[in-house]
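Each chain, written out:
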Amino acid sequence: MTTEYANTKIDFIYLSEPDMIAAGVTDMAQCVDTMDDMFKLLYSGDYRMAGPNNDSHGAMMMFPDESPFPNMPKNTADRRFMAMPAYLGGSFQTTGVKWYGSNTENRGKGLPRSILTFMLNDTDTGAPLALMSANLLSAHRTGAISGVGARYLAKKDSKVVGILGPGVMARTALSALVVTCPQIDTLKIKGRGQKSLNKFIDWVTAAHPQIDVQIVDELEDLVRGSDIVTYCASSVVGDAATYPIIKKEWLKPGAFMAMPAACNVDDALATSDVRKVLDCTGLYEAWFEESDHKPAHNYVPIIGVKFMDMVDEGALKKEDIEDLAKIISGDAPARQNDDEIIILSVGGLPIEDVAWATVVYRNAIEKGIGVKLNLWDTPVLC
C-alpha cells in the first residue's frame, strides 16, 4: 500500500556573504545577546555537540608530515579540514554544522586563512533550511564571547583594552567589548607588522572613533594599565613555552582577561587566588581526553587546556575552575569586587554557530533575503 503525503517538497535558501551582512550577521549587540541566551541553554543541558560526552569541538582531518602520494598535501601550520556539528534547543530548536578548510598559505592568494560554510537544518526531519557563507558568522560569534564574559566579569567602568594581534579576531572582540563596556576609550595594540597594524587602526578609527589607539612593542606594555586584556594572535602549536605569556606582576588589580587564542601564564597566575573561568567545562574535558599526548596544552593552545593539564598533574583543584554558563545563569558569582583578577578561556563552541546562524536565518526569512534552492519536489528514494 502506498502512503501519500500532502507535501514532500523541500526548499532551502543560500545566503552569500553580502546576504549575511544584509541579514544582520555583523550586528554585534544582537550577537552578544544571542550568545548570552545560548549560555543559559548550555547550562540547562538543552544542547548537543559531537563526541561521546556531547561536548567535543568537532571532527578534524589533518594531513601527514610526509606522504608517499605526490598530490597529498603535507602538514603545515593551520592546514586542516574540520566539521563542527551541534544542536541547540530552547527558542532555537535547530541543528547545524560548520565546515571549513584552513591553510595559512591562503593569505598569499588574497584569501582568508580559513574558508567556512554553515548548513542549518530542521531538527525534526533533517531537511536543510539554509546554506550560509560563514566567515563573518564565525568571527562575530567568537568575538561576542569576550563581550559576554566582560558583561559579567569585567569592571563596569573598564576603559583601557590591550589586544595582541591586529586581525579579524581582534576586530570582533573589540566590537563586543565596546557593547558591554561602553566606557572603553583607549586601545593598546601589538602586532607583528606595520601593514597589519595600519589596516587595523584604520578600521578602529572608522568603527570606533571614540577610541584612542596606542601601538606598543612589548607584551608587558600591552598588559600594564589595561582593564581588559585579550590575546588574538595565531601561534605555532607544539610547545606551550613558545606561546605569548601573561604575567601576574603586569596586571593591575581587577584586570579581566579574555583569551580566545594561544596563551600561557606564569606560575603566579596559575594559583587559586586568580579566578579561572571556562566558556564550557565539558569542551576542555573533551579536548584533554581526546589528546593523544600530554601536556595537552602543547597541542591545543587555548589557556583552559593548560588548566586541565594542571588538574591532571595535581597542581590545581578541579573546583578552582569555574564555568561561565553557571555564572550567567546566576548559580555562581559574577565579579565580586574591583580587585579580583579573572581570566576567561574562550574555546569556541559549535552551539555558538547554531545560535547565531538561526537568528541570522530568521532575519533573512523575515526580510526576504537569500536565493531559494530546491532539494526536491518528491524524493526518488523513500
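For the structure given in this document, a descriptive report is provided here. (Residues numbered from 1 in each chain as written. Predicted model: local features only at pLDDT ≥ 70, side-chain atom pairs only at ≥ 80, totals over all residues. Heavy atoms only, no water.)

1. Some details on helix H4 (residues 168-180)
Each α-helix turn comprises 3.6 residues. Residues three or four places apart therefore point the same way. Condition: For the purposes of this entry, the term helix denotes a DSSP run of H or I that reaches at least four residues, the term strand denotes a run of E that reaches at least two, and both are numbered from the N terminus. Here, expected helix span is obtained from the residue count minus one, scaled by 1.5 Å. Residue exposure (1.4 Å probe, protein chains only): buried if accessible area is under 20% of the type maximum, exposed if over 50%, otherwise partly exposed. In what follows, residue pairs with any heavy atoms lying within 4.5 Å of each other are defined as contacts.
Along its 13 residues, H4 runs 19 Å from first to last C-alpha, staying within 8% of the 18 Å computed at 1.5 Å per residue. Buried residues of H4: Ala170, Thr172, Ala173, Leu174, Ser175, Ala176, Leu177, Val178 and Thr180, and no others. The secondary structure elements touched by the buried residues of H4 are helix H2 (28-44), helix H3 (135-153), strand S8 (160-164), strand S9 (186-190), helix H5 (194-207) and strand S11 (228-231).

2. Considering the pattern of salt bridges
To keep things clear, this is the line we draw: Only one rule defines a salt bridge in this text: a Lys or Arg side-chain nitrogen within 4 Å of an Asp or Glu carboxyl oxygen.
Tallying each qualifying case throughout the model produces 17 salt bridges. The salt bridge partner of Asp78 is Arg80, with a shortest N-O separation of 2.8 Å. We note a salt bridge from Asp353 to Lys98, for which the minimum N-O separation is 3.3 Å. You can see Asp353 sitting in helix H10 (residues 350-367) and its partner Lys98 sitting in strand S5 (residues 94-102), a full 255 residues away along the chain. One exposure class covers both Asp353 and Lys98, and it is buried. Each of the salt bridges in this network shares a partner with another, and the network as a whole consists of Asp33, Asp36, Lys40 and Arg151.

3. Details of the packing of aromatic side chains
The cut-off we apply is this: Between 30 and 60 degrees the pair is tilted, below 30 it is stacked and above 60 it is edge-to-face, where a pair is any two Phe, Tyr or Trp rings, Trp via its six-membered ring, whose centres lie within 6.5 Å. In this analysis the charged atom, NZ for Lys or CZ for Arg, is taken to sit over a ring once it is within 6 Å of the ring centre and within 35 degrees of the ring normal.
Going through the model one piece at a time under the given rule, you end up with four aromatic pairs. Pairing Phe63 with Phe81 gives two aromatic rings, centres 6.4 Å apart and planes at 75°, and the pair type is edge-to-face. Of the two residues, Phe63 is situated in the loop between strand S3 (59-62) and strand S4 (80-88) and Phe81 in strand S4; the sequence distance between them amounts to 18 residues. Residue Phe63 is classed as buried on the basis of its relative accessible area of 16%. You can call Phe81 partly exposed: its relative accessible area is 31%. Aromatic side chains Phe81 and Trp99 sit 5.6 Å apart centroid to centroid with 25° between the ring planes, which places their arrangement in the stacked category. Here the residue Phe81 occupies a position in strand S4, and Trp99 occupies one in strand S5, the gap between them amounting to 18 residues. Taking the relative accessible area as the measure of exposure, Trp99 reaches 43% and is therefore partly exposed. Members of the aromatic cluster, connected to one another through ring pairs, are Phe63, Phe81 and Trp99. We note Lys276 situated over the ring of Phe307; from NZ or CZ to the ring centre the distance is 5.9 Å. Stacked on the ring of Phe288, the Lys or Arg Lys294 has its end atom at 4.6 Å from the ring centre.

4. Section: the nonpolar core
Put simply, the rule reads: Here the nonpolar core consists of buried residues drawn from Ala, Val, Leu, Ile, Met, Phe, Trp, Tyr and Cys, with membership extended through side-chain atoms lying within 4.5 Å.
In this structure, Phe39, Tyr231 and Ile246 are the most contacted members of the largest nonpolar core, which totals 114 residues. The element that contributes the greatest number of residues to this core is H10, accounting for nine residues.

5. Quick look at the state of the cysteines
Note the threshold: Note on terminology: pairs of cysteine sulfur atoms within 2.5 Å are recorded as disulfides.
Within this structure, the stated rule accounts for zero disulfides. We note that Cys181 lacks a disulfide partner, and the nearest cysteine sulfur, in Cys232, lies 15 Å from it. With a relative accessible area of 1%, Cys181 lands in the buried category. Left without a disulfide partner, Cys263 is nearest to the cysteine sulfur of Cys232, which lies 11 Å away.

6. Let's talk about the environment of Tyr152
By the secondary structure assignment, Tyr152 is in helix H3. The sequence separation of Tyr152 and Thr230 amounts to 78 residues, and the corresponding C-alpha distance is 16 Å. Excluding residues within four positions of it along the chain, Tyr152 makes contact with Asp36, Ile327, Ile328, Ala334 and Arg335.

7. Comments concerning the sheet that holds strand S10 (residues 212-215)
Cut-off, in case you're wondering: Here, strands pair whenever DSSP counts at least two bridges between them. To obtain an axis, a line is fitted to C-alpha atoms, over the contacting stretch when the element is a helix, and the angle between two such axes runs from 0 to 180 degrees between their N-to-C directions.
One open sheet holds the eight strands; their spatial order is S10-S9-S8-S11-S13-S17-S15-S16, and the pairing between them is parallel. Edge strands, defined here as strands with exactly one partner in the open sheet, are S10 and strand S16 (321-323). Direction aside, neighbouring strands of the sheet carry axes that sit 20° apart on average. Bridge analysis of strand S13 (residues 256-259) against strand S17 (residues 342-345) gives four bridges, and the strand direction is parallel. Of the residues in S17, the one forming a bridge with Ala258 is Leu344.

8. Structural notes on unusual backbone geometry
Residue Pro295 is reached from Lys294 by a cis peptide bond, and omega for that bond is 0°. Residue Asn54 is not a glycine yet carries a positive backbone phi of 60°. Counting through the fold element by element, Asn54 comes out in the loop between strand S2 (47-49) and S3.

9. A few points about the packing of helix H7 (residues 281-290) against helix H8 (residues 303-313)
Applicable threshold: Relative orientations are named as follows: roughly parallel for angles under 35 degrees, roughly antiparallel for angles over 145 degrees, roughly perpendicular for angles from 65 to 115 degrees, and oblique for any other angle. Crossings are assigned a handedness: left-handed for a near helix turned anticlockwise from the far helix by less than a right angle, right-handed for a clockwise turn.
H8 packs onto H7 with a crossing angle of 65° between their chain directions and a minimal axis gap of 9 Å. Of the possible angle classes, the one that applies to H7 and H8 is roughly perpendicular. Handedness of the crossing formed by H7 with H8: right-handed. For the pair H7 and H8, the contacting residues are Tyr284, Glu285, Trp287 and Phe288 in the first and Gly304, Val305, Met308, Asp309 and Asp312 in the second.

10. Thoughts on H5
The criterion, for reference: The directions considered for the arc run from the helix axis to the C-beta atoms.
Taking 1.5 Å per residue as the helical rise, H5 with its 14 residues ought to reach 20 Å, and the 20 Å between its terminal C-alpha atoms agrees with that figure. Those residues of H5 not exposed but buried are Leu197, Phe200, Ile201, Trp203 and Val204. End-on, the buried residues of H5 take up no more than an arc of 160°, which puts them together on one face. In H5, the exposed positions angled more than 90 degrees off the buried face are occupied by Lys195, Lys199, Asp202 and Ala206. In the core, the buried residues of H5 are packed alongside H4, S9 and S10.

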